[in-house]
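Per-entry structural report
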Amino acid sequence: MVKLNNLLQYFSLGQSSFQSTMLASNFTAVAIAVHTLPVLPYSYSALEPYISSQVMELHHSKHHQAYVDNLNAALSSYVTALLNNDIPAQIRLQSIIRFNGGGHINHSLFWRNLAPSETPETDPVASAPRLVNEIERTWGGLDEFKETFAQTALGIQGSGWCWLVGKQNGRGGLQLAIVTTKDQDPIVDEGMRPLLGVDMWEHAYYLQYLNGKTKYLENIWNVINWKTAEERFLGASKEEAF
Amino acid sequence: MSASLFRTVLARHGALAAKRSLAGNSFVRGKATLPDLKYDYGALEPYISARIMELHHSKHHQTYVNGLNSALEAIAEAEAKGDFTKAASLAPLLNFHGGGHLNHTLFWENLAPASREGGGEPDGALKKAIEADFGSFETFRKQMNAALTGIQGSGWAWLAKDKDSGNLAIVTRANQDPVTGQLVPLMGIDAWEHAYYLQYENRKAEYFEAIWNVINWKTVAQRFEKA
């Protein structure tokens, strides 16, 4: 037990990006990944003028980093609580894991569903023909979809996210829907797949748009990466973090 | 408090009230209005910037006031039509905007410039109660900051008095949920990002430290004595 705790402490120091280890066979395999901040596929200023460099830098290097750090710390404590059979501690940690794990998942998805404007990725018709077809079938058109998305996002009371998701239907296909999640709750429901997400926390836009979140929602379509959304829709995407 | 929050508009908008009474319901409607601040937007500098105060009061609070009035109107319309399903469906909007209006109104009043009533420590009966329930003012302050830091998303932390037991407690509320029921809010700190982001960015711990310099303990003591 002492050795095991040392090992876990080693993991929590983050000296390795991923640790998968064999433990004594009388333990259920305990392997914890030390999660890391994903590298952005573009520079902080690449989404200008729609999302400012300052917003991007703080959002990625400070906010997302904090979710990663807090997730690693909570998972490390959770493993200790498991090994100590400390059920109250395990339960206490669940909301912290949900919040910070959700924050890590959501931001990782978000960065990849953004791209510099005027690139092929931001052209929905060229980069997401199958998804756009399904959007038109569901909402009557891309503009109608964007309008519904904006109204749904503006209805969030507090911090949260607005998502285009695909829900598995009975015929093995995906049915599209717009959903919101509060705070950092992630989309982890069985049979539901996030296709693209927009961060509606104030830190995502406030330095640039102040209280003008309607404008933020209008502008963000210039930097939505439809290629990523199409890949997710077709089930072909390889998400870095998961 | 409600008297200061709602101003009857019967006199000023007599025509409107008369029009409403045509539906067969004769009632006096109070309309929420944005309260004036008792200090300038720049008066809480350097702890809270003038820019934050201006946006927070003139834009954010105003939006809650407008949202509350719209929700009340929509509920009254639904009620007039006997559409109680519709009325009930408006409850979340009433809670959010009504809570936003109440919370901000309390907040502005429990702040004051550091050069005037702001900062320092409470005295008298409130000081005694804090020491009895938290051990010391410093312990209370630390617990309040821990509660603020622990909020996952948008929300508020409050020092509240339990009307039944008379005890003080620190409570947090998500989003704009107001402190109601047997708890009487004495002092609130806004943990929404719009309350600090322009000045403190992601460093919210610095904001939670700084705001103690502008807490109006005189107001808090008055609320404590009335509760």
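Residues numbered from 1 in each chain as written. Chains lettered and ligands numbered in written order. Predicted model: local features only at pLDDT ≥ 70, side-chain atom pairs only at ≥ 80, totals over all residues. Heavy atoms only, no water.

1. Concerning the pattern of salt bridges
Heads up, the rule is: Salt bridges are defined as contacts in which a side-chain nitrogen from Lys or Arg sits within 4 Å of a carboxyl oxygen from Asp or Glu. The secondary structure listing takes helices from DSSP runs of H or I that are at least 4 residues long and strands from runs of E that are at least 2 residues long, numbered from the N terminus. Each residue's exposure class comes from its accessible area (1.4 Å probe, protein chains only) as a fraction of the maximum for that residue type: buried when under 20%, exposed when over 50%, partly exposed otherwise.
All told, the structure shown has 14 salt bridges over all chains when counted by the stated rule. The closest approach of N and O atoms between K215(A) and E218(A), which form a salt bridge, is 3.4 Å. One end of the pair, K215(A), and the other, E218(A), are both in helix α8 (residues 213–219), three residues apart, so they sit about a helical turn from each other. Using a relative accessible area of 46% as the deciding quantity, one classes E218(A) as partly exposed. For E73(B), the salt bridge goes to K31(B), with nearest N and O atoms at 3.7 Å. Pair noted here: E73(B) is in helix α3 (residues 50–80) and K31(B) is in strand β2 (residues 30–32), with a separation of 42 residues, a long-range link.

2. A few points about the UniProt feature "binding site: Mn(2+)" (unreviewed entry) in chain B
Residue and element names in this part refer to chain B. Convention followed: UniProt positions are given in the numbering used here, feature names are shortened, and annotations may be inferred rather than shown by experiment. Only heavy atoms matter for contacts: two residues are in contact if any of them lie within 4.5 Å across the pair. The definition of a polar contact used here is a pair of N or O atoms within 3.5 Å, where within protein one atom must be able to donate a hydrogen and the other to accept one, and adjacent residues in sequence count solely through side-chain atom pairs.
Mapped onto the present numbering, the UniProt feature "binding site: Mn(2+)" (unreviewed entry) falls on H56, H104, D190 and H194. For the annotated residues, spread through 139 residues, the largest C-alpha to C-alpha distance comes to 12.3 Å, consistent with a single compact locus. Residues within four places of D190 in sequence aside, it is in contact with H56, H104, F107, G155, W156, A195 and Y207. Among the polar contacts listed, one links the side chain of D190 to the backbone nitrogen of W192, at a separation of 2.9 Å. Considering the arrangement of structural elements, one finds H194 in the loop between β5 (183–190) and α8 (197–200). Here the side chain of H194 touches H60 through a polar contact of 3.4 Å, side chain to side chain.

3. As for the sheet that holds strand β1 (residues 160–168) of chain A
All names here are of chain A. Cut-off, in case you're wondering: Two strands pair if DSSP finds at least two bridges between them. To get an axis, fit a line to the C-alpha atoms, keeping to the stretch in contact for a helix; angles then go from 0 to 180 degrees between the N-to-C directions.
The antiparallel open sheet is built from three strands, whose spatial order is β2-β1-β3. Two strands in the sheet have a free side with no partner beyond their single neighbour: β2 (174–182) and β3 (192–199). Taking the axes of each pair of neighbouring strands and ignoring which way they run, one obtains an average angle of 25 degrees across the sheet. Relative to β2, β1 is paired through nine bridges, and the arrangement is antiparallel. Counted as the bridge partner of Q168 is L174 from β2. Its contacts with the sheet put helix α6 (residues 142–154) on β1, β2 and β3, and the angle it makes with β1 is roughly 130 degrees.

4. Description of the confidence of the model for chain B
Here is the rule: Here pLDDT means the predictor's own confidence in every residue, given as a number from 0 to 100.
Per-chain confidence: chain B averages 91 in pLDDT, with 87% of residues scoring 70 or above. Every residue in residues 1–28 of chain B is under pLDDT 50, and counting partners more than four places away or in other chains gives 31 contacts.

5. Focus on helix α5 (residues 129–139) of chain A
Residues and elements named next belong to chain A. Just so we agree on the cut-off: Throughout, the arc means that of the directions going from the helix axis to the C-beta atoms.
By the burial criterion, the buried members of α5 are L131, V132, E134, I135 and W139. Buried residues in α5, looked at end-on, bunch into an arc of 160 degrees, giving them a common side. Turned more than 90 degrees away from the buried face of α5 sit R130 and R137, all of them exposed. Turning to α5, the residues buried within the fold contact α4 (124–127), α6, β1, β2, β3 and α9 (226–234). Backbone geometry just downstream of α5 places G140 in the positive-phi region, at approximately 95 degrees.

6. Here's the deal with helix α7 (residues 137–149) of chain B
Residue and element names in this part refer to chain B. Applied cut-off: Here the expected length of a helix is defined as 1.5 Å per residue gap, with one fewer gap than residues.
Between its first and last C-alpha, α7 extends 18 Å over 13 residues, near the 18 Å set by a 1.5 Å rise per residue. Taken together, the buried positions of α7 are F137, F140, R141, M144, N145, A147 and L148. The buried side chains of α7 occupy one side of the element, clustering within an arc of 160 degrees when seen end-on.

7. Structural notes on the UniProt feature "binding site: Mn(2+)" (unreviewed entry) in chain A
Residue and element names in this part refer to chain A. The positions that UniProt labels "binding site: Mn(2+)" (unreviewed entry) are, in the present scheme, H59, H107, D199 and H203. The greatest C-alpha distance among the residues just named is 12.3 Å, despite their covering 145 residues of sequence, which places them together in space. Looking at the secondary structure, you find H107 in helix α3 (residues 87–112). What makes H107 buried here is its relative accessible area of 0%. Apart from residues no more than four positions distant in its own chain, H107 is found in contact with H59, H64, Y67, W161, Q184, D199 and H203. If you trace the backbone, H203 turns up in the loop between β3 and α7 (206–209). A residue is classified by how much of its surface remains accessible, and H203, at 1% relative accessible area, is buried.

8. A short note on the packing of α3(B) against helix α5 (residues 91–109) of chain B
Relative placement of two packed helices is described by the angle separating their axes and the distance separating the axes. All names here are of chain B. The condition is simple: Here the angle decides the label: under 35 degrees means roughly parallel, over 145 means roughly antiparallel, 65 to 115 means roughly perpendicular, and every other value means oblique. The handedness criterion is simple: a crossing whose near helix is rotated anticlockwise from the far helix by less than a right angle is left-handed, and one whose near helix is rotated clockwise is right-handed. For this scheme, ten residues count as nonpolar: Ala, Val, Leu, Ile, Met, Phe, Trp, Tyr, Cys and Pro. Four count as charged, namely Asp, Glu, Lys and Arg, and the remainder, Gly too, count as polar.
Direction vectors running N to C along α3 and α5 enclose 140 degrees, while the axes themselves pass 8 Å from each other. Considering their axes alone, α3 and α5 lie oblique with respect to each other. Note on packing geometry: the crossing formed by α3 with α5 is left-handed. Only L93, L94, F96, H97, G98, G100, H101, H104, T105, F107 and W108 of α5 make contact with α3, whose side of the interface consists of M53, H56, H57, H61, T63, Y64, V65, G67, L68, A71, L72 and I75. Class assignment for the residues of the contact of α3 with α5 results in 12 nonpolar, 11 polar and no charged.

9. Regarding the interface of chain A and chain B
Note the threshold: By definition, the buried area sums, over both parts, the 1.4 Å-probe accessible area that each loses when the two are put together.
Counting residues at the interface gives 18 residues for chain A, matched by 18 residues for chain B. Taken together, both faces of the contact between chain A and chain B bury some 1800 Å²; the carbon and sulfur share is 54%. If you sort the residues of chain A by the area they bury against chain B, Q157(A), E202(A) and Y206(A) come out on top, with a joint share of 35%. Counting the contacts that link chain A with chain B gives zero salt bridges.

10. Looking at the environment of H101(B)
Its place among the elements puts H101(B) in helix α5. Each C-alpha atom, one on H101(B) and one on V65(B), is 5.8 Å from the other, the two residues being 36 residues apart in sequence.

11. What about the pairing of β5(B)?
All names here are of chain B. With eight of its eight residues buried, β5 lies for the most part within the structure. Bridge count between strand β3 (residues 155–162) and β5: seven bridges; the pairing is antiparallel. Bridge pairing links K161 to V184 in β5.

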